[in-house]
Amino acid sequence: MRFVTVMTEQGPRACGVFEGAYAEIDGATSMRSLLAQGPDALKDAWRIAKQSPKRHDPARVRLLAPVPDPSKILCIGLNYLDHAAESGMQPPSEPILFTKYANTLIGHREPIILPRESQEVDYEAELVVVIGKRGKHIPLASALDHVAGYAVGHDVSARDWQLNKPGKQWTIGKTFDTFAPIGPELVTADEVPDPHNLGIRLRLNGQTMQDSSTAQLIFRVDALVSYLSRVMTLEPGDLIFTGTPPGVGMARKPPVWLKPGDQVEVEIDGLGTLANPVAADSYS
Ligand code: MN
């Protein structure tokens, strides 16, 4: 099953993806609450959407992130062996956690806004895990039961704020507005037989900058879910950015930073392609 969240004139609507159209699920204003009702309710919603006459043309609608209002956006740093090496860091012995907030979330085709406060905005292709079942102290063996599905994500990063501030505080450089594009779709876990064998790529203005596989993950999806749940109760709709492969802009010589007019595409096998333009900050 594949789901999106469409912004309609009546507000956000969860939709199923059928035959090249987004079909509204009657009464479903929130993907997060749909997930909270459990896997059977999700299947029912899918069947309802299939019959729905309220269909949207993907080329014309505004998409939000598949879950636009999660209770948590958890992010893992340095989780690909090669990326740790290119960053000049030792592979971590435990997952490195930072966070983003809901202000960062945008959907497919929405612009990434370059903050006026940063001169070093970088890209990072990432697999995003969507939690479907509440849990704390989740054993490794059952951790994947808590995963509803996956989406393509982009961890946009202001390196000057991530790396040059006191106290090694990554979060501040990661949570500028629009810094977490996700989508277009949430793809349910049953359609992803092995989340640890997916090609993952990022193209900047058509040029491939990152090209790897989730097989390179240091801490895998089940390990991350289990680890994070030692600290906090994971809730339906919670999002986990799982880290990025090599090829980021800061590791290049000379470094590559995003600029107005750029087009960034992140592609993950079986999950789709997330495309976002880059725009200057016009806030006044
Ligand atoms: Mn990242």
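The shown structure was predicted, so the numbers you read here are calculated from the model rather than taken from an experiment.

### Focus on the packing of aromatic side chains
Applying the stated criterion to the full structure yields five aromatic pairs. Through a chain of ring-to-ring contacts, the aromatic side chains of F3, F18 and W46 assemble into a single cluster.

### Notes on the domain arrangement of the chain
Partitioning the chain into domains gives domain 1 (2–63) and domain 2 (73–280). For domain 1 and domain 2, the distance between their C-alpha centroids amounts to 24 Å. At the junction of the two partners, domain 1 supplies 16 residues and domain 2 supplies 18 residues. Of the roughly 1,200 Å² buried where domain 1 meets domain 2, counting both sides, 49% is carbon and sulfur surface. Broken down residue by residue, the surface that domain 1 buries against domain 2 is led by R2, L35 and L63, which jointly contribute 54%. Taken together, domain 1 and domain 2 are joined by three salt bridges. In this structure, R62 engages E110 in a salt bridge whose closest nitrogen and oxygen atoms are separated by 2.6 Å. Counting across the interface, domain 1 meets domain 2 through seven residue pairs in polar contact (both at pLDDT 80 or more).

### Brief notes about the coordination of the manganese ion
Protein coordination at the manganese ion comes from E124 (OE), E126 (OE) and D155 (OD), with a distance range of 2.0 to 2.1 Å. We note that the donor set of the manganese ion lies within a single chain, spaced as E-x1-E-x28-D. Accessibility expressed as a relative area gives 4% for E124, which makes it buried. Judged by relative accessible area, which is 1%, E126 ranks as buried.

### Topic: the environment of F98
Looking at the element boundaries, F98 is found in strand 7 (residues 96–100). With a relative accessible area of 3%, F98 lands in the buried category. Sequence separation between F98 and L74 is 24 residues, and the spatial gap between their C-alpha atoms is 6.4 Å. Filtering out sequence-adjacent residues up to four positions away, F98 remains in contact with I73, L74, C75, I76, G77, D155, W170, T171 and K174.

Reading the values: rules and limits
- Residues numbered from 1 in each chain as written.
- Predicted model: local features only at pLDDT ≥ 70, side-chain atom pairs only at ≥ 80, totals over all residues.
- Heavy atoms only, no water.
- Phe/Tyr/Trp six-rings, centres within 6.5 Å; stacked < 30°, edge-to-face > 60°.
- Domains from an automatic or database assignment.
- Contact = heavy atoms within 4.5 Å.
- Buried area = accessible area lost by both parts, 1.4 Å probe.
- Salt bridge = Lys/Arg side-chain N within 4 Å of Asp/Glu carboxyl O.
- Polar contact = N/O pair within 3.5 Å; in protein donor to acceptor, adjacent residues only side chain to side chain.
- Donors = N, O, S within 2.8 Å, 3.2 Å for Na, K, Ca; no water.
- Buried < 20%, exposed > 50% of the residue type's maximum accessible area, 1.4 Å probe, protein only.
- Helix = DSSP H or I, 4+ residues; strand = E, 2+ residues; numbered from the N terminus.

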